[in-house]
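Chain by chain, the residues run as shown.
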Amino acid sequence: MHLKSPDDLEQFRTRILEKRKAQDTKKRVVLCTGTGCRGAGALDVYDAFKKALGNKSDIEFKTTCCHGFCERGPITIIEPEGIFYQRVTPETVPQIIAETVKKDQMIEELLYQDPQTEEAIPAEKDIPFYKKQNRLVFGHNRLIDPTQIEDYLAVGGYQALVKALFSMSPEEIIAEVKSSGLRGRGGGGFPAGRKWESCSQAPGDVRYVICNCDEGDPGAYMDRSLMEGNPHRVLEGMIIGAYAIGAHEGYVYVRHEYPLAVENVGIAIEQAHKMGFLGENILGSGFDFDVTISKGGGAFVAGESTALMASIEGYVAEPRAKYIHTVESGLWDKPTNLNNVETWANVPVIIEKGAEWYSKIGTEGSKGTKIFSLVGKINNTGLIEVPMGMTLREIVYDIGGGIPDGKRFKAVQTGGPSGGCIPEEMLDLPVDFDALTEAGSMMGSGGMIVMDESTCMVDVAKYFTNFLKDESCGKCTSCRDGTLRMYEILDRITKGEGKEGDIELLEEIGWTTTEASLCALGGTAANPVLSTIRYFRDEYEAHIKDKRCPAGVCPALITYTIDAEACIACGKCKKECPTKAITGEKKVPHEIVQAKCIKCGTCKEVCPVDAVKVE
Amino acid sequence: MGDETVRITIDGTELQAEAGQTILEVARENGIYVPTLCYHPRLLPIGSCRLCVVEIEGADRPMTACTTQVQDGIVVHTHTDRLHRIRLDALKLILVNHPLDCPQCDAAGVCELQNLVFEFGIDQQEYQATKSAQGMKEFATPLIRQWGDRCVMCLRCIRADHEIVRTHAIDVVGTGNEAHVGITNPDACISCGECLRVCPVGALTERVSRTKARPWQSQKVLTTCHYCSLGCQLELTVFENKVIGVTAPEDRGANRGSLCQRGIFGYDFLHHPQRITAPMIKGAGQWKEVPWEEALSHTAAMVNKVVMGNGPEAVGGLISPRSTNEEIYLFQRFMREVVGTNNIDSTGRLCLEPHRLAIQEILGNNYLPYTLDDIIRGDCIVVAGGDLDANNNIIAANRIREALWRTGARLIVLHPRQGRLAEEADCWFSLRPGAEAIWALGMINLLLKDKEGWGPSVDGIKGFNELKEAAKEFTPAAVAKEIGCSQELVREAAGHLINAKQPAFVCSPPLGQGPNGVDQITALANLALLCGALTDTGEGGFHWVGPQSNMVGAVEMGAAPTLLPGYAPASERGLSSVEMFQAAAKRKIKALFIVGEDPLLTLPRSLVEEGLAALEFLVAQDMFLSETAERAHVFLPALSFAELDGTFTNCEGRVQRLHRALKPPEGLRWGGEIFAEVASYMGSEMTVVSPAAVFEEIINANPFYKGTMFDPHAPQRRNGSGGELLKEAAFGVVKTEQEQGKKDYPFYLSIEGIFSSHLIGHDHQRRAQVLAHVARSYLAMNAEEAAKIGVADGDRVRIVTPWGEMEIGVKGSEGMRKDCLCLSLALCNVDVSRLMGPQLDPRSLVPAYGRVPAKVEKV
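Since this is a predicted model, take the numbers as computed values, not measurements. Every residue gets a number counted from 1 within its own chain, in the order that chain's sequence is written. Chains and ligands are labelled sequentially in the order written, the chains with letters from A and the ligands with numbers from 1. In view of the model being predicted, local features appear only for residues whose pLDDT reaches at least 70, and side-chain atom pairs are presented and counted only at 80 or more, with totals across whole chains, interfaces and linings using the full set of residues. To get the side-chain values, all heavy atoms of the structure are used, and hydrogens and water are removed first.

Participant: Could you clarify how one ought to interpret the interface of chain B and chain A in this entry?
Facilitator: Interfaces are often sized by the amount of accessible area the parts lose when they come together. Listed as interface residues are 35 residues of chain B and, on the opposing side, 34 residues of chain A. Defined here as a combined quantity, buried area equals the accessible surface (1.4 Å probe) lost by two parts on assembly, summed across both. Between chain B and chain A the total buried area reaches about 2,900 Å² when both faces are included, carbon and sulfur atoms providing 53% of it. Of all residues in chain B, Arg50(B), Arg61(B) and Leu93(B) bury the most surface against chain A, accounting for 20% of the area lost on that side. Here a polar contact is taken to be a pair of N or O atoms separated by no more than 3.5 Å, where protein atoms must pair a possible hydrogen donor with a possible acceptor and residues adjacent in sequence count only if both atoms sit in side chains. Inspection of the region where chain B meets chain A yields 12 residue pairs in polar contact (both at pLDDT 80 or more). Two residues qualify as a contact provided that any one of their heavy atoms is within 4.5 Å of a heavy atom in the partner residue.

Following this line, the structure appears as structure tokens:
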């Protein structure tokens with residue numbers, strides 16, 4: 001089916017919707033097979049459903065990609081009621097079909113339980129994790145099988161493209177994107193409309209658009225989930241952007257560690273081609289555009305725009321000085337507009353609903369919503385999409401469900417490895433581009449790592465600096481050597497070898513690294529160090545002056561002891577201790593022989609009465 | 001960019017700058033100092049060392065001056081506390097890993113890092129880190145060593161490799177602090193030393209002369225390279241009267257600081273133990289050292305005897321195109337005035353003459369006004385003849401590369417083998433040597449068809465109609481068939497020429513050194529004239545690059561049987577080199593005076609052997625006992641280029657100085673003095689005071705040198721003939737030759753590099769021992785053809801021609817025309833001249849180095 005005009009598209013859409021109308025009231029099983037749920041065993045669940053339903057079942061069974069609440073995966077939704085089953089196993093599948101699908105009976109154990117009220121919540125929409133979100137971009141994921149373009153059309157897909165191609169001029173589109181206030185979601189937060197405008201005005205006949213899906217922040221996977229779950233949305237954004245800018249070729253740069261994203265966007269491109277959304281004379285508009293997939297090797301720095309373009313050209317992914325902007329001379333020295341996955345995915349909704357509608361969401365300087373990956377010491381890990389300006393407290397406590405095991409919140413690290421740590425006293429910070437930067441952190445691509453009281457902030461800084469020193473491309477002195485030296489100093493401090501003046505030295509190198517680096521990686525590489533010093537200086541001082549790790553994390557600075565009074569002499573710790581450092585008999589309180597202790601913490605973990613203390 | 005002027009303020013001074021310039025460039029032009037380390041004027045800036053950071057009012061972060069372009073009205077501060085702090089920190093970070101082995105480092109004293117540390121007064125280091133200890137390793141070539149610990153990661157070496165030479169032999173390997181300069185493709189390395197040259201510290205050092213002397217103990221003497229005709233300006237580092245290294249100044253010469261492997265590493269022959277430093281006379285087959293007077297008076301007597309007995313026509317003279325202008329001028333005076341014959345020639349003429357004749361036919365000139373820099377402005381470059389890379393004309397090849405990456409020029413290469421330039425070319429024509437004229441006519445055919453949309457009006461040029469008529473039969477189909485390529489390729493190449501605003505042609509021997517050689521060049525020059533490469537303004541241009549340093553000077557000083565100094569025709573034609581040996585064999589020439597030439601290696605060997613054997617008297621002047629000199633009766637020791645004062649004329653017509661850098665061995669004298677003394681013993685006086693005085697004589701004798709100086713204040717060229725260049729232009733008449741049947745000899749052999757090993761010895765002598773590590777001679781042949789006779793890479797084969805045979809290792813290549821062989825000689829093979837026949841191109845009097853019929857056998 002090749003659509004040659006907007007009318008063709010609308011007729012086709014109507015046919016799909018009519019067909020589906022009849023099915024809408026029937027029972028349907030929706031299984032998330034996104035990467036998160038796959039990790040939790042969703043493919044086995046898929047097989048179980050296939051087996052249980054058989055081939056000729058009249059119950060529709062559909063798979064989608066990520067819904068966001070990955071912590072609870074594999075997730076299954078029973079429609080049309082929208083019953084949310086979590087942590088589904090192959091064993092429970094027959095039960096789901098027998099009871100819920102066939103008899104409309106809820107299975108209590110599979111329902112989500114509110115941690116506070118301990119009440120089971122059957123409907124997805126009532127779960128607090130989802131309730132406060134505004135899933136403008138991400139919401140369609142749960143309705144769409146990414147390998148079926150009909151699913152995307154059924155939710156109104158490519159309507160924005162029709163509007164852009166047939167009732168807007170390129171200038172109008174750029175104006176619309178500009179006034180929507182959309183800022184780049186890849187980290188920099190550069191106004192997308194302005195970027196488009198510069199690129200469209202740069203001299204030259206050939207222009208490119210690129211979709212950056214080289215998501216490199218550890219723990220961040222929103223681009224992956226969008227690309228896996230709703231690739232047509234991203235493509236639609238790209239086609240609109242290409243039309244506005246005057247590009248006829250586009251690239252999707254995906255890291256090869258994202259095989260499902262590569263597969264799904266590949267299928268999507270093929271389908272879009274067949275149906276006439278890509279290729280020559282798109283929908284009869286006279287506009288030609290094509291997209292090629294370029295697979296990256298997975299270097300962190302390859303996500304930097306100039307490094308990424310070097311990689312597409314076949315060179316080592318190394319950033320270059322942007323004294324000539326990539327919008328003027330980018331890929332193969334041609335004007336190039338690069339946006340990340342989430343940015344592109346925002347474009348259709350802006351075109352469809354208009355800049356005025358869109359710009360009502362968010363804060364003064366940051367419009368729309370942002371997807372975050374909420375991970376770490378938090379009850380509800382997963383991907384969340386919230387309007388810009390929501391406070392950290394709302395995110396951590398209302399959506400995230402607070403800190404597990406009754407521990408105390410300590411900090412949240414935002415913006416990926418080169419982001420900063422924001423302490424408890426700033427929990428009411430509204431999350432947007434400018435507020436985060438102001439607080440010494442950044443939006444980045446939307447990573448959010450929650451830390452509790454058992455996290456050592458020096459150790460955290462060391463962890464991220466270690467990552468950054470390895471991922472620095474090694475070109476600029478300040479970044480290459482700066483990150484290494486900071487790491488070495490942090491390493492010393494955590495080993496109890498910190499010296500007077502180390503904090504100042506860290507601040508000095510951090511300052512130089514920030515001030516003097518060429519690309520954003522180096523420019524932000526000192527954030528973990530500088531922000532932890534800014535908010536947790538006392539912890540550094542405790543390490544250096546008192547040779548003490550307040551959080552009880554740094555092995556060289558802690559001692560494990562057993563509280564003789566609390567000890568019930570059960571022998572568990574003695575049995576588990578890998579170095580046989582624990583002495584004591586039945587009914588005799590146990591003791592740790594410090595000389596043998598390697599501070600692995602096993603005894604503390606296994607102690608049933610919390611008698612092992614760390615100092 | 002370029003034309004627009006902007007005003008900027010740096011450190012309170014308002015300055016004018018061109019749009020597109022960087023802040024650093026403007027600062028330097030105006031004498032404002034900004035520290036740098038990774039910046040190099042010939043490389044694209046990358047802004048990685050962060051030392052050149054400046055503050056721009058209104059920008060929140062400091063910017064690197066080397067990568068930031070000026071904008072109208074910006075206010076820049078180059079020295080603030082904030083910047084000082086950044087620079088100091090960056091330097092300290094670099095220093096953490098840098099070893100303090102300065103006393104043992106080649107770069108000590110010329111180290112940019114040392115200078116910066118001194119400037120910033122760093123005397124302590126806050127960072128304690130375990131230093132890595134990588135030690136010293138061989139780099140991409142055995143001639144260069146890498147000291148990883150000293151590296152400051154400025155990446156200049158890598159950028160020089162990628163931007164200037166484009167071999168991609170080295171690259172950044174690893175990330176973060178693991179990142180280092182790694183060897184990624186050692187086979188691609190051509191040992192040009194470009195990386196070594198740009199290293200700001202001692203991270204790359206030369207293998208030959210590691211710390212033989214500290215920079216302040218040695219002296220640098222500017223002189224001109226004696227290898228090829230590009231005339232690179234170089235500085236010999238001299239310590240205790242020995243050359244211990246070669247560098248090149250950035251602001252002089254066509255090379256702008258670059259050198260090739262010969263120029264930078266090929267100097268150890270200067271101090272080779274086999275050098276002969278006393279005159280010798282052969283008696284009873286034994287050499288005997290004799291006093292100068294005896295050697296010279298004996299020579300005079302013998303020459304006199306032949307002149308008296310058989311007339312001056314029985315004497316001949318050959319002089320090397322690596323002699324200075326002054327020596328060559330005096331030698332031709334000696335031959336013409338003292339002996340009284342025009343029997344004088346030089347292998348320089350063999351390389352230049354075909355080109356000169358073609359240019360003369362079309363423009364009425366003997367040479368063209370273009371410089372190598374004009375190549376950079378070319379937007380479609382045609383390369384024909386020798387493989388510039390394989391023949392160490394790398395500086396010219398790099399100019400072409402510069403045009404490719406700077407302006408995106410198109411490149412068309414005509415060569416049977418896919419060399420480095422052919423690999424980079426838009427169109428590579430794997431044609432047999434001698435088919436260039438057919439190709440050119442094919443282009444002309446298409447160019448004339450595309451009258452529309454292509455600029456210069458050429459109808460008025462003389463010979464246009466004849467050319468049009470001649471090109472008629474060379475349709476794409478006919479040309480494709482004859483060359484053995486696709487019609488599309490022919491059309492594509494023509495399309496590039498049609499679209500080009502400023503085409504350029506870069507040609508070199510053995511183009512023109514085969515049967516009908518001059519016609520090939522004439523045909524290419526016709527095309528050049530038609531498509532606008534030959535212009536008065538001197539952009540693009542038509543370039544001729546040769547293998548000998550004074551190829552041009554040799555002819556212009558009159559080392560030619562037909563030409564007096566200044567291209568004045570000789571009243572009576574003398575014998576050319578090959579003819580002299582033919583005459584000698586017939587006992588018509590009885591005495592030969594050979595200065596620095598080794599005809600046994602470079603001219604048809606059987607003929608030369610026959611001729612030499614029949615001579616009554618042979619005097620040879622050389623640094624070493626060459627093959628030919630061994631057969632002489634008198635040997636006169638010669639000075640090396642490092643011991644000489646004088647001038648060379650390079651292929652662009654630059655007249656450049658050789659400065660004496662070494663004191664010659666006791667008693668040795670320069671050629672001019674020797675010729676004058678022999679003359680004096682013969683009873684004629686040639687007053688020779690000094691090279692400078694001879695140069696004055698040259699200025700008077702050769703009108704093209706009027707206005708030049710022996711010691712000029714600035715780079716100089718002999719008179720160009722621009723401006724009126726096209727006034728007399730006429731298209732030349734070209735004969736083409738269809739491919740002939742060749743039953744017994746299925747291959748066309750071309751010999752490249754035969755003239756390049758003078759002084760450094762052929763492959764057995766290896767007087768340039770360092771070069772011998774990387775210089776490989778081999779026979780390139782099509783891989784399939786090699787397989788057919790059962791040979792693999794490295795196997796030895798026998799090349800057989802109608803005149804002789806030789807053995808050499810073979811290199812099979814997919815990118816080699818099937819019916820062609822290419823002898824690529826890095827060091828001349830002692831037997832190669834056995835392959836050559838005595839036939840001459842009747843126009844140029846040049847024997848065939850290209851298109852020699854040959855067959856190959858497995859050994």
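This is not the end of the story, as more comes after the structure.
Participant: Is there a simple way to explain the sheet that holds strand 37 (residues 852–858) of chain B in this structure?
Facilitator: Sheet strands pair by backbone hydrogen bonding; their relative direction is either parallel or antiparallel. All names here are of chain B. As summarised here, the arrangement of the six strands in space is 30-34-31-33-32-37, forming a closed barrel in which the pairing is mixed. Taken pair by pair, the neighbouring strands of this sheet meet at an average axis angle of 45°, ignoring direction. Two strands qualify as a pair provided DSSP detects at least 2 bridges between them. Comment: elements are numbered from the N terminus, with helices defined as DSSP H or I runs of at least four residues and strands as E runs of at least two. As paired elements, strand 32 (residues 796–801) and strand 37 share four bridges and run antiparallel to each other. Residue arginine 798 lies in a different strand from strand 37, and its bridge partner there is glutamate 857. Simply put, an axis is a line fit to the C-alpha atoms, just over the touching stretch for a helix, and the angle between two N-to-C directions goes from 0 to 180 degrees.

Participant: I'm lost on the packing of helix 13 (residues 436–449) of chain B against helix 16 (residues 487–499) of chain B in this one. Help?
Facilitator: A packed helix pair is summarised by two numbers, namely the angle formed by the two axes and the spacing between the axes. All names here are of chain B. Between helix 13 and helix 16, the shortest axis-to-axis distance is 9 Å and the interhelical angle comes to 65°. Here the hand of the crossing between helix 13 and helix 16 comes out right-handed. Here Trp439, Met443, Leu446 and Leu447 of helix 13 lie close against helix 16, whose contacting residues are Val490, Arg491, Ala493, Ala494, Leu497 and Ile498. When the residues that make up the contact of helix 13 with helix 16 are grouped by side-chain class, the tally is nine nonpolar, no polar and one charged. Crossing handedness is read from the near helix: turned anticlockwise from the far helix by less than a right angle, it gives a left-handed crossing, and turned clockwise, a right-handed one. Under this grouping Gly is polar, as are all residues other than the nonpolar Ala, Val, Leu, Ile, Met, Phe, Trp, Tyr, Cys and Pro and the charged Asp, Glu, Lys and Arg.

Participant: Would you mind going over the confidence of the model for chain A with me for this structure?
Facilitator: Any region with low pLDDT has predicted coordinates that should not be read closely. On average, residues of chain A carry a pLDDT of 90, and 99% of them reach 70 or more. One number per residue, pLDDT, summarises how confident the predictor is, and it ranges from 0 to 100. Here helix 21 (residues 520–524) of chain A stands out as the least confident element of chain A, with mean pLDDT 84; helix 11 (residues 231–245) of chain A is the most confident, with 96.

Participant: Sorry if this is basic, but what is going on with the packing of helix 11 of chain A against helix 14 (residues 341–353) of chain A here?
Facilitator: Residue and element names in this part refer to chain A. Axis separation between helix 11 and helix 14 bottoms out at 7 Å; the angle between their running directions is 75°. Between helix 11 and helix 14, the angle falls in the class roughly perpendicular. Taken together, the residues of helix 14 that come into contact with helix 11 (itself represented by Arg233, Val234, Glu236, Gly237, Met238, Ile240 and Gly241) are Val341, Trp344, Ala345, Val347, Pro348, Val349 and Ile351. In this scheme, roughly parallel covers angles under 35 degrees and roughly antiparallel covers those over 145, while 65 to 115 is roughly perpendicular and the rest are oblique.

Participant: Would you mind going over the sheet that holds strand 14 (residues 280–283) of chain B with me for this structure?
Facilitator: Residue and element names in this part refer to chain B. The strand order across the open sheet built from seven strands is 15-14-27-26-25-16-17, with neighbouring strands paired in mixed fashion. Of all the strands in the sheet, the pair left with one neighbour each is strand 15 (286–289) and strand 17 (344–345). Bridging between strand 16 (residues 315–319) and strand 25 (residues 591–595) involves five bridges; their strand directions are parallel. Pairing of glycine 316 across the sheet is with leucine 592, part of strand 25. Helix-sheet contacts for helix 19 (residues 577–585) involve strand 16, strand 17 and strand 25, and the interaxial angle to strand 16 is about 145°.

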